[in-house]
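The residues making up each chain are set out below.
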Amino acid sequence: MKNTYKIYQIDSFSDRKFFGNPAGVVYKADGLEEADMQRIARELNNSETAFIFLSDSDEYDVHVRFFTPLKEVPICGHATIAAHYVIALENNFKEKTCIKQKTGAGILPVEIEPIENNTYNIIMTQGKVEFGDIIDGKNLDRLVSALGIDNDDLITEAPVQIVSTGHSKVMIGIKDYKQLHNLRPDMKELNELSRIINCNGYFVFSFDSDEKDILLKGRMFAPAIGIDEDPVTGNANGPVGAYIVKYKLAEFGDDNFKFSAKQGISIGREGTINVNVNIENGEPVKVQVSGTATVVFKTEIEL
C-alpha cells in the first residue's frame with residue numbers, strides 16, 4: 001500500500017519567493033525509510049531537506065532529520081526555519097508557540113511568532129557552542145590559496161578557526177566586501193581540505209558593510225557535502241556570532257549581543273538572518289538565529 005506525503009519548497013530568511021535559502025520540507029514523514037529520504041533530498045536538490053516525524057517521547061514534540069543531496073547531516077539552520085514555518089502553517093498557529101525538536105545535535109527549542117500578513121518569525125536555539133581547531137601553517141596556506149586570496153586579506157584580530165553550534169564551520173574573516181563578492185573558490189581543493197581538517201563548511205565574512213543595520217555579509221562553501229555555495233546559512237551565522245564575542249570583534253553588552261547579517265547576494269539569493277548571543281563571564285554560552293520564510297510551492301508524492 002502506498003502512502004502519500006506532503007512536500008513543501010520553502011525559501012528561508014526571506015519574505016520573497018526565489019530569495020533566501022531554499023529547503024525542502026516533508027511534513028509527517030513517518031513511514032519513510034532512510035533510503036527514501038535520501039532519494040527525496042536528491043530529487044529536490046536543495047542544500048538540505050527536512051523530514052518531520054511525530055514524537056514518541058515526552059522529551060520532545062517533533063523529530064526532524066536533515067538530508068543534503070548526498071548525506072544526512074545533524075542539523076541545518078535554514079531547514080529548521082523552513083520546517084517550523086510549515087508546522088506553523090499546517091497548524092494555523094495564532095499565538096507564540098515553543099516547540100522542542102529532536103535533531104542530530106540534540107533536543108533544541110524553536111519559537112514560532114505570528115507576525116503581520118499571516119506569516120511567522122521562527123527563532124531557533126542552536127546547540128552547544130564549541131571552538132575547535134585553529135587553521136594555520138600549511139592548511140591555512142592551502143585554504144587561502146583555494147579561496148583565491150592572500151593571508152594579508154584576512155582580518156588580523158582573530159584566527160581562522162573551526163566553530164560549531166551543532167554543525168561546525170570554518171570562520172574566515174576578510175577585510176574587503178568587494179573581494180568577498182568576487183570569490184571564485186577552488187571547490188575540489190576545499191573538498192580535499194575538508195577531509196584533512198574534519199570540517200565541511202567554510203564561512204567567509206566581512207564587516208565591510210555599507211548598510212547601517214547589517215553588521216556583516218558572508219558566503220558559505222561546503223563542497224564536501226554537495227553544496228558548492230549555500231545561500232543563507234544558520235549554522236554559519238550562529239557560530240560567527242559566538243566567534244565575534246570570543247575575539248571581541250564588535251561592540252556588545254555584558255550579557256547579550258544581537259546583530260543582523262546578509263548572505264546570498266553574490267548568487268542572487270539575498271537573505272537576512274538575525275543572531276542573538278547570550279554571554280556569561282565574557283564567553284558566548286547560547287546562540288539563537290531567527291528569520292521568516294515563504295512558501296514557493298507545495299505538492300504531494302506517493303511512495
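Small disclaimer: the values here were computed from a predicted structure and weren't measured.

Comments concerning the overall build of the protein chain
Of the regular secondary structure elements, the protein chain holds six helices and 18 strands. A compact globule built from 303 residues should have a C-alpha radius of gyration of about 19 Å, and the protein chain, at 19 Å, falls within 12% of that. Dimensions of the protein chain, computed from C-alpha atoms along their principal axes, come out at roughly 60 × 40 × 35 Å. Burial analysis of the protein chain (303 residues in total) assigns 54% to the buried set. Of the contacts made within the protein chain by residues no fewer than 6 positions apart, 64% connect residues no fewer than 24 positions apart. About 13600 Å² of surface is accessible on the protein chain, with carbon and sulfur atoms providing 43% of the total. Counting 32 positive and 45 negative side-chain charges, the protein chain places the centres of these two groups 3 Å from one another.

Notes on the packing of aromatic side chains
Counted by the stated rule, this structure contains eight aromatic pairs. When the centroid spacing of 5.3 Å and the interplanar angle of 65° are considered together, the rings of Tyr243 and Tyr247 count as edge-to-face. Here Tyr243 pairs with Tyr247, and both are found in helix H6 (residues 234–247), just four residues apart, close to one helical turn. Its relative accessible area of 22% is what places Tyr247 among the partly exposed residues. An angle of 45° between the planes, with centres 5.3 Å apart, marks the rings of Phe252 and Phe257 as tilted. Owing to a relative accessible area of 27%, Phe252 belongs among the partly exposed residues under this scheme. Judged by relative accessible area, Phe257 falls into the buried class, the value being 4%. Among the aromatic side chains, those forming a connected cluster through ring pairs are Phe203, Phe205, Phe207, Tyr243 and Tyr247.

Some thoughts on the side chain of Thr165
Structurally, Thr165 can be placed in the loop between strand S10 (161–164) and strand S11 (169–173). A relative accessible area of 0% means that Thr165 is categorised as buried. Among the polar contacts listed, one links the side chain of Thr165 to the side chain of Gln126, at a separation of 2.8 Å. When sequence neighbours within four positions are dropped, the list of residues in contact with Thr165 reads Gln126, Gly127, Lys128, Val129, Asn235, Gly238, Pro239 and Val287.

With respect to the side chain of Arg219
Structurally, Arg219 can be placed in strand S13 (residues 216–222). Residue classification places Arg219 among the buried residues on the basis of a relative accessible area of 5%. Within polar-contact distance, the side chain of Arg219 engages the backbone oxygen of Leu183 at 3.2 Å. Here Arg219 is in contact with Leu180, His181, Asn182, Leu183, Arg184, Tyr202, Phe203, Val204, Glu229, Gln263 and Ser266, once residues within four sequence places are set aside.

Examining the packing of helix H3 (residues 137–147) against helix H5 (residues 187–197)
Running from N to C, H3 and H5 point in directions that differ by 155°, and their axes come no closer than 10 Å. Considering the angle they form, H3 stands roughly antiparallel to H5. In the crossing of H3 with H5, the sense of the turn from one axis to the other is left-handed. Across the interface between the two elements, Asn139, Arg142, Leu143, Ala146 and Leu147 of H3 pack against Glu189, Leu190, Glu192, Leu193, Ile196 and Ile197 of H5. Split into classes, the residues belonging to the contact of H3 with H5 amount to seven nonpolar, one polar and three charged.

Comments concerning the pattern of salt bridges
Scanning all chains against the criterion turns up 14 salt bridges. Of the charged contacts, one joins Arg39 and Asp36 as a salt bridge, the two residues approaching to 3.7 Å between their closest N and O atoms. Of this pair, Arg39 and Asp36 both sit in helix H1 (residues 34–44), three residues apart, which is roughly one turn of the helix. The class of Arg39 is partly exposed, set by a relative accessible area of 48%. Residue Asp36 is classed as partly exposed on the basis of its relative accessible area, which comes to 22%. Linking Glu189 and Arg142 is a salt bridge whose minimum nitrogen-to-oxygen distance equals 2.4 Å. Of this pair, Glu189 sits in helix H5 while Arg142 sits in helix H3, and the two are 47 residues apart along the sequence. Where salt bridges share partners, they join Asp210, Glu211, Lys217, Lys262 and Glu270 into one cluster.

A word on H1
Within H1, the full set of buried residues consists of Met37, Ile40 and Ala41. Around the axis of H1, the buried residues are gathered within 100° of arc, so they sit on the same side. Looking at H1, the residues exposed on the side facing more than 90 degrees away from the buried face are Arg42 and Glu43. Contacts from the buried residues of H1 go to strand S1 (4–12), strand S2 (21–27), strand S3 (49–54) and strand S4 (62–67).

Considerations on the environment of Val73
For Val73, the position within the fold is in strand S5 (residues 72–73). Separated by 192 residues in the primary sequence, Val73 and Ile265 place their C-alpha atoms 25 Å from one another. Not counting residues up to four positions away in its chain, the partners in contact with Val73 are Glu48, Phe66, Thr68, His167 and Ile225.

The rules behind the values
- Residues numbered from 1 in each chain as written.
- Predicted model: local features only at pLDDT ≥ 70, side-chain atom pairs only at ≥ 80, totals over all residues.
- Heavy atoms only, no water.
- Helix = DSSP H or I, 4+ residues; strand = E, 2+ residues; numbered from the N terminus.
- Rg over C-alpha atoms; globule rule 2.2 N^0.38 Å.
- Buried < 20%, exposed > 50% of the residue type's maximum accessible area, 1.4 Å probe, protein only.
- Contact = heavy atoms within 4.5 Å.
- Areas by Shrake-Rupley, 256 points an atom, 1.4 Å probe, with all protein chains shown as cover.
- Lys, Arg positive; Asp, Glu negative; His and termini not counted.
- Charge placed at Lys NZ, Arg CZ, Asp CG, Glu CD.
- Phe/Tyr/Trp six-rings, centres within 6.5 Å; stacked < 30°, edge-to-face > 60°.
- Polar contact = N/O pair within 3.5 Å; in protein donor to acceptor, adjacent residues only side chain to side chain.
- Axes fitted to C-alpha atoms, helices over the stretch in contact; angles between N-to-C directions.
- Parallel < 35°, antiparallel > 145°, perpendicular 65-115°, else oblique.
- Left-handed = near helix turned anticlockwise from the far one by under 90°.
- Nonpolar A, V, L, I, M, F, W, Y, C, P; charged D, E, K, R; others polar.
- Salt bridge = Lys/Arg side-chain N within 4 Å of Asp/Glu carboxyl O.
- Arc of directions from axis to C-beta.

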